[in-house]
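Examination of the molecular architecture
Here are the chains, one letter per residue:
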Amino acid sequence: MTQDEMKRKAAEAAAEYVVTDAIIGVGTGSTVNHFIDVLADMKGRIEGAVSSSEASTKLMEERGIKVYDLNEVNDIPVYIDGADESDHYLNLIKGGGGALTREKIIAGASDKFVCIADESKLVDVLGAFPLPVEVIPMARSYIARELVKLGGRPVWRENFITDNGNVILDVHDLQILEPVKMENEINKLAGVVTVGLFCNRPADVLILGAPEGARTVMPKTA
């Protein structure tokens, strides 16, 4: 089974978390694209969606799913999104697609966060995937120097601008043993919009696509 087929398995399994007659949060990325296809087949069951990116908005509108601005919505019972990495506590690295800030906002506004991915995304320690940091353009060099002090090797994602008009530094060579601490340290740097660590608000459920089908992972307790 290909990686893409495993992503599809996870996306299909996430359908059981869709709340009837509600507005649901929808993330961004290749696994979420499969979920949008699944959602299109059941769009009559929901009122609509809140989207974390212009790309996901376009896909949903093309499939006839009504997309709301977050400011129009009071309650999001579930947010479904992918991840670049997850540890066993369901702390995540996200932002490979560049939508980390809007993803973090919608995750924070949602009652439940369901993460969907293929089984390769589950790791013991976060950091093999470069950690994205969205930065105000004028602060790029300053923040890069600060990230070096934290032990990382930041690389400017050239020729890429986020939906918010900012730039991204991808931080390599990190072994993130204290993910909540690192999220807080990076977020407090002036000029950082947000960091792609989802640890203060981790996923509640992780659905992993595998050759034998989808399996659900709940967060490990300390």
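Everything discussed here concerns the structure shown above.
Just so you know, these numbers come straight off a predicted model, no measurement behind them.

1. Focus on the sheet that holds strand β10 (residues 167–172)
- Ordered in space as β9-β10-β8-β11, the four strands form an open sheet in which the pairing is antiparallel. Every interior strand has two partners, whereas the edge strands, β9 (153–156) and β11 (192–195), have only one. For this sheet, the mean angle separating the axes of adjacent strands, direction not counted, is 30°.
- The pairing of β9 with β10 spans four bridges and is classified as antiparallel. Paired with V155 across the strands is D170, a residue of β10.
- Packing of helix α4 (residues 100–109) onto the sheet brings it into contact with β8 (131–135), β10 and β11, and relative to β11 it is tilted by some 65°.
- Contacts between helix α6 (residues 179–187) and the sheet are confined to β8 and β11, with β11 contributing the most and set at about 170° to the helix.

2. What about helix α5 (residues 140–149)?
- For α5, every residue scored as buried is listed here: I143, A144, E146 and L147. Viewed end-on, α5 has its buried residues packed into an arc of 165°, placing them on one side of the element. In α5, the exposed positions angled more than 90 degrees off the buried face are occupied by R145 and K149.
- Packed against the buried residues of α5 are β8, β9, β10, α6 and β11.
- Of the residues one or two after α5, G151 is the one with positive phi, at around 100°.

3. Looking at the packing of aromatic side chains
- Counted by the stated rule, this structure contains one aromatic pair.
- Here the aromatic rings of Y79 and F113 are separated by 5.2 Å at their centres, their planes lie at 40°, and the arrangement is tilted. Here the residue Y79 occupies a position in strand β4 (residues 76–81), and F113 occupies one in strand β7 (residues 110–118), the gap between them amounting to 34 residues.
- By relative accessible area, which is 0% here, Y79 ends up buried.
- Looking at K66, its charged tip hangs above the ring of Y68, at a distance of 5.0 Å from the centre.

4. Looking at the packing of helix α1 (residues 3–13) against helix α2 (residues 30–40)
- Put simply, α1 and α2 touch, their axes get as near as 8 Å, and they point 50° apart. With respect to each other, α1 and α2 are oriented oblique. Like other packed secondary-structure pairs, α1 and α2 cross with a definite hand, here right-handed. Along its contact with α1, which presents D4, K7, R8, A11 and E12, the element α2 presents S30, T31, H34, F35, D37 and V38.
- Residues belonging to the contact of α1 with α2 are distributed by class as follows: three nonpolar, three polar and five charged.

5. Describing the sheet that holds β4
- Pairing is mixed in the open sheet, where seven strands are placed in the order β3-β2-β1-β4-β7-β13-β14. At either end of the open sheet lies a strand with only one pairing partner, and these are β3 (67–68) and β14 (213–217).
- Direction of pairing for strand β1 (residues 23–26) relative to strand β2 (residues 48–51): parallel, over a ladder of four bridges. Across the sheet, the residue bridging to G25 is V50, located in β2.
- Sheet contacts for α1: β7, β13 (205–210) and β14; angle to β13, the most-contacted strand, approximately 140°.
- Sheet strands touched by α2: β1, β4 and β7. Its angle to β1, the strand with the most contacts, is close to 155°.

6. Section: unusual backbone geometry
- The residue L90 is not glycine, and still its phi comes out positive at about 65°.
- Along the chain, L90 falls in the loop between β5 (85–86) and β6 (92–93).
- Among the residues examined, L90 registers a relative accessible area of 0% and is labelled buried.

Procedures and definitions
Residues numbered from 1 in each chain as written. Predicted model: local features only at pLDDT ≥ 70, side-chain atom pairs only at ≥ 80, totals over all residues. Heavy atoms only, no water. Pairing = 2+ DSSP bridges. Helix = DSSP H or I, 4+ residues; strand = E, 2+ residues; numbered from the N terminus. Axes fitted to C-alpha atoms, helices over the stretch in contact; angles between N-to-C directions. Contact = heavy atoms within 4.5 Å. Buried < 20%, exposed > 50% of the residue type's maximum accessible area, 1.4 Å probe, protein only. Arc of directions from axis to C-beta. Phe/Tyr/Trp six-rings, centres within 6.5 Å; stacked < 30°, edge-to-face > 60°. Lys NZ or Arg CZ within 6 Å of the ring centre and 35° of its normal. Parallel < 35°, antiparallel > 145°, perpendicular 65-115°, else oblique. Left-handed = near helix turned anticlockwise from the far one by under 90°. Nonpolar A, V, L, I, M, F, W, Y, C, P; charged D, E, K, R; others polar.

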